[in-house]
Amino acid sequence: MAPYIGTPTSRIDGIAKVTGAAKYAAEFNVPGGVLYGSIVPSAIAKGRIVSLDTSAAMDVEGVATVLTHENRPRMAGRDQDYKDDVAPDGSPFRPLYDDKIRFNGQPIALVVAETSEIARFAASLVRVEYESEAHVTDVFRERDAAIPVKATSPEGAMFAPPKPRGDAAKALAAAAVRHDAEYYVPIEHHNPMELYAATVIVEGDGTFTVYDKTQGVQNVQRYLCGVFGMKPEDVRVMSPFMGGGFGSGLRPQFEVVLAMLAARALQRSVRVVLTRPQMYALGYRPAMIQRIGLGATTGGTLEAITHDAITVTSQYEDFYRQETGWSGLLYKCANATYAHRLAHLDLPTSCDMRAPSAAPGVYALEAAMDELAVALKLDPVELRLRCYSDRDQHENRPFSSKALRECYRQGADAFGWSKRNPEPRSMRDGSDLVGWGMATGVWEAMQMPITVRIVLSANGHAEVACATSDIGTGTYTIMAQVAADALGLPLDSISIKLGDSSLPQSPVEGGSWIAASVANGIVTTAEAIRSELLRLAKQIPNSPLSNASSDELTLVGGQLVSKHDGARTVSIADAMRHGGVERIEQEKTTSPAEDAARSHNVHSAIFAEVNVDEQLGVVRVTRVVSAVAAGRILNTKTAASQILGGVVWGIGMALHEETLIDHRFGRIMNANIAEYHVPVNADVHDIKVIFVDEPDDSNPLGIKGLGEIGIVGVAAAVANAVYHATGTRVRNLPITLDKLHPV
Ligand code: MOS
């Protein structure tokens, strides 16, 4: 019986975090100190720099240099040198490369000084003359010019819309009941708590140690090597802790390029910390205009699904995910078509943001399904059960597991859904209108190749090392839990090393794939440790395990134990002492099993209650129940935190979040967390998370990953509840009070 996996274990790094012992990228210091870089952002959205006058900035005492495209050190000249592991098709942005302005807020100079205050002041003195060109930042102005995703590369093809099936246009036209409407999700920004920062330390031997805020240290290392022509041994990238990434740190960001540029130019250690407004130039969830068509029988089965989407990207890269494909995956329907067009705007390239594509795509589908349920006079849960699909219809294959029915059942029970009066405006709480809405969530369950090293010491301590990040999700903790169980040691005998490019290979931490990848990687490597221990144990005279094979052994309580005969044991300490070894080291690479016969997804059912003030239109989300099916749960405490965070973000998506651009200037107006609204404590009430049992054999531990499923469907559940409360259907997020007026 595994003692740690599945238990609600507190974060092993929790004390370090709350006492400040955990250091973030901007907090690493060196003897002699660091210089501070401050960015000068472009004030126009498109055009070129005619001249840059840095003399006033240079005259400030304490300024070391002002770097621009005119005087920066050499950088690579080819696009391929700037392509990171997760770069989309196109020509990646190169900070301080040339005089071209691609977006408002683009870094165009870096002032480097003795203190951050001096740097920031001097940055305000840099004078820039621009030659402006006409820009466009409004997706509605560009919707007709949007072009179908091209999917020229293998990665691009992965994210292109799936193959259509049947004849959806015909089936939609012939359907007894039809719903067809447009839904809109605006640009949203990640707004992690920690500001993006990089500290680049120049070592005595000419190499660089880089502390960067990133979701992938090896991705940043490869990128820096490409951009600056360095060898891997010349640059070590570390990110032991991260104050939230949510996708904004999957690609290397410009703080690290700028800090490295300055460090190379001055041969001094340099730190660059972005300001909150500058964080808005890093990437964003693309705005999405979607049209959903649903055709159904009067009995509530689906005949046709059409999903057309326009999403936003920059002029220089084509970022998109499979935004529309979720619609054809979730419900049983013989006829489905998808179209995805890209609007190229004078903005930075959009990027992944928690449950990229699913958060906005499933919002539209699930809002449309609610409207269909109303048209059919059918309970929304009942409609989804009638359309339930046991197969992935894109690939025509079963799922490795899909306990979504159980999510609907347990979620509805916990919420009290059966007491819902279907009539809009029929439920009240004092002067408030009350609404109950629900939606489904879906995400992928992926595993990636990963390498794990374990060093077991004769004193019963094990160090587990992998270059993955812990972006705040609890990776340190689940790694320790899995290692403790796999090695039969107490949790506090395990130490975890991660977030360091010199450690064994890991992909970026994203896509909810690290838990399944690294946990199974630990199990594989622990098996190699066990085999080595057995080899040593067999050398003991009259060894109780002389005839044992590694497969019939487990490691429990610091001992090798036969599964067949619990009396046959050899302690780790004895085996290593007899073998004369102080440490056993193993490093193994684990890849996902080939499983082309099945699809791998996680699912959820979300139930939301809103109270709407009838006079003012203020919406409060008073209760949410999220029932999640995500395979085996490694840690019910940190896992529930992931879902809670996702639900809170879904509330923000439904009611608060929207990046607003003044299109005259192509400039974001609310680039701060006073005016870009995210939910605060007063917006968050009762949230209940349920994990339904879902055995899965896709990998030895049966893990699916759940970092992203928490947000998917939440905005639709809230929007559907708002409709139920008010009778008003708002199809463009966020649902602010003006859109509900008069209630
Ligand atoms: Mo997540 S958007 O894959 O960091």
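None of the values given here were measured: they were computed from a predicted structure. (Residues numbered from 1 in each chain as written. Predicted model: local features only at pLDDT ≥ 70, side-chain atom pairs only at ≥ 80, totals over all residues. Heavy atoms only, no water.)

Peer 1: An account of the overall build of the protein chain is needed here, citing residue identities and associated values.
Peer 2: Scanning the protein chain from N- to C-terminus turns up 19 helices and 33 strands. Relative to the globule expectation of 27 Å for 743 residues, the C-alpha radius of gyration of the protein chain, 27 Å, shows essentially globular dimensions. Counting only C-alpha atoms and orienting by the principal axes, one finds that the protein chain spans roughly 80 × 75 × 50 Å. Counting all 743 residues of the protein chain, 61% fall into the buried class. Here the analysis covers contacts within the protein chain between residues at least 6 apart in sequence; of these, 80% occur between residues at least 24 apart. Element-wise, carbon and sulfur atoms account for 51% of the exposed surface of the protein chain, whose accessible area totals about 27800 Å². For the protein chain, the distance from the average site of its 70 positive side-chain charges to the average site of its 86 negative ones is 3 Å. (Helix = DSSP H or I, 4+ residues; strand = E, 2+ residues; numbered from the N terminus. Rg over C-alpha atoms; globule rule 2.2 N^0.38 Å. Buried < 20%, exposed > 50% of the residue type's maximum accessible area, 1.4 Å probe, protein only. Contact = heavy atoms within 4.5 Å. Areas by Shrake-Rupley, 256 points an atom, 1.4 Å probe, with all protein chains shown as cover. Lys, Arg positive; Asp, Glu negative; His and termini not counted. Charge placed at Lys NZ, Arg CZ, Asp CG, Glu CD.)

Peer 1: Break down the environment of Ala 715 for me, citing the residues and quoting the values.
Peer 2: Considering the arrangement of structural elements, one finds Ala 715 in helix α18 (residues 714-726). Note: C-alpha distance between Ala 715 and Pro 360 (355 residues apart in sequence) is 8.5 Å. Beyond its immediate stretch of four places on either side in the chain, Ala 715 contacts Tyr 363, Gly 650, Met 653, Ala 654 and Leu 733.

Peer 1: Before we move on, can you summarise the packing of helix α7 (residues 217-228) against helix α8 (residues 254-266) with the specific residues and values?
Peer 2: α8 packs onto α7 with a crossing angle of 50 degrees between their chain directions and a minimal axis gap of 11 Å. On the basis of their axis angle, the class for α7 and α8 is oblique. Between α7 and α8 lies a crossing whose hand is right-handed. Contacts between α7 and α8 involve Val 220, Tyr 223, Leu 224 and Phe 228 from the former and Val 256, Val 257, Met 260, Leu 261 and Arg 264 from the latter. (Axes fitted to C-alpha atoms, helices over the stretch in contact; angles between N-to-C directions. Parallel < 35°, antiparallel > 145°, perpendicular 65-115°, else oblique. Left-handed = near helix turned anticlockwise from the far one by under 90°.)

Peer 1: Before we move on, can you summarise the sheet that holds strand β23 (residues 462-465) with the specific residues and values?
Peer 2: Spatially, β24-β23-β22-β28 is the arrangement adopted by the four strands of the open sheet, whose pairing is mixed. With one partner strand each, in any of the chains shown, β24 (494-497) and β28 (583-590) form the two edges of the open sheet. Adjacent strand axes in the sheet meet at a mean angle of 15 degrees, parallel and antiparallel pairs treated alike. Relative to β28, strand β22 (residues 450-457) runs antiparallel, the two sharing eight bridges. Of the residues in β28, the one forming a bridge with Thr 451 is Thr 589. Contacts between helix α14 (residues 475-487) and the sheet are confined to β22, β23 and β24, with β24 contributing the most and set at about 135 degrees to the helix. (Pairing = 2+ DSSP bridges.)

Peer 1: Which residues make up the pairing of strand β14 (residues 288-296), and what are the values?
Peer 2: Within β14, eight of the nine residues are buried, which leaves the element mostly enclosed by the surrounding structure. As judged from the nine bridges shared by strand β9 (residues 177-185) and β14, these two strands associate in the antiparallel manner. Residue pairing across strands places Glu 182 opposite Arg 291, the latter belonging to β14. Alignment of β14 against strand β15 (residues 302-313), held across nine bridges, turns out to be antiparallel. Bridged to Arg 291 within β15 is Asp 308.

Peer 1: I'd like a description of a nonpolar patch on the surface, backed by residues and values.
Peer 2: On the surface, Leu 616, Val 618 and Leu 737 cluster together to form a nonpolar patch covering roughly 260 Å² of accessible area. Checked against the element boundaries, Leu 616 lands in the loop between β29 (601-613) and β30 (619-629). The exposure class of Leu 616 is exposed, given its relative accessible area of 53%. (Patch = residues over 30% accessible without salt bridge, like charges linked within 9 Å, V, L, I, M, F, W, Y side chains within 5 Å. Salt bridge = Lys/Arg side-chain N within 4 Å of Asp/Glu carboxyl O.)

Peer 1: Which residues make up the side chain of Thr 659, and what values do they have?
Peer 2: For Thr 659, the position within the fold is in the loop between α17 (636-655) and β31 (661-662). Residue class for Thr 659 comes out buried when judged on its relative accessible area of 6%. Beyond its immediate stretch of four places on either side in the chain, Thr 659 contacts Ile 187, Glu 188, His 189, Ile 668, Asn 670 and Tyr 676.

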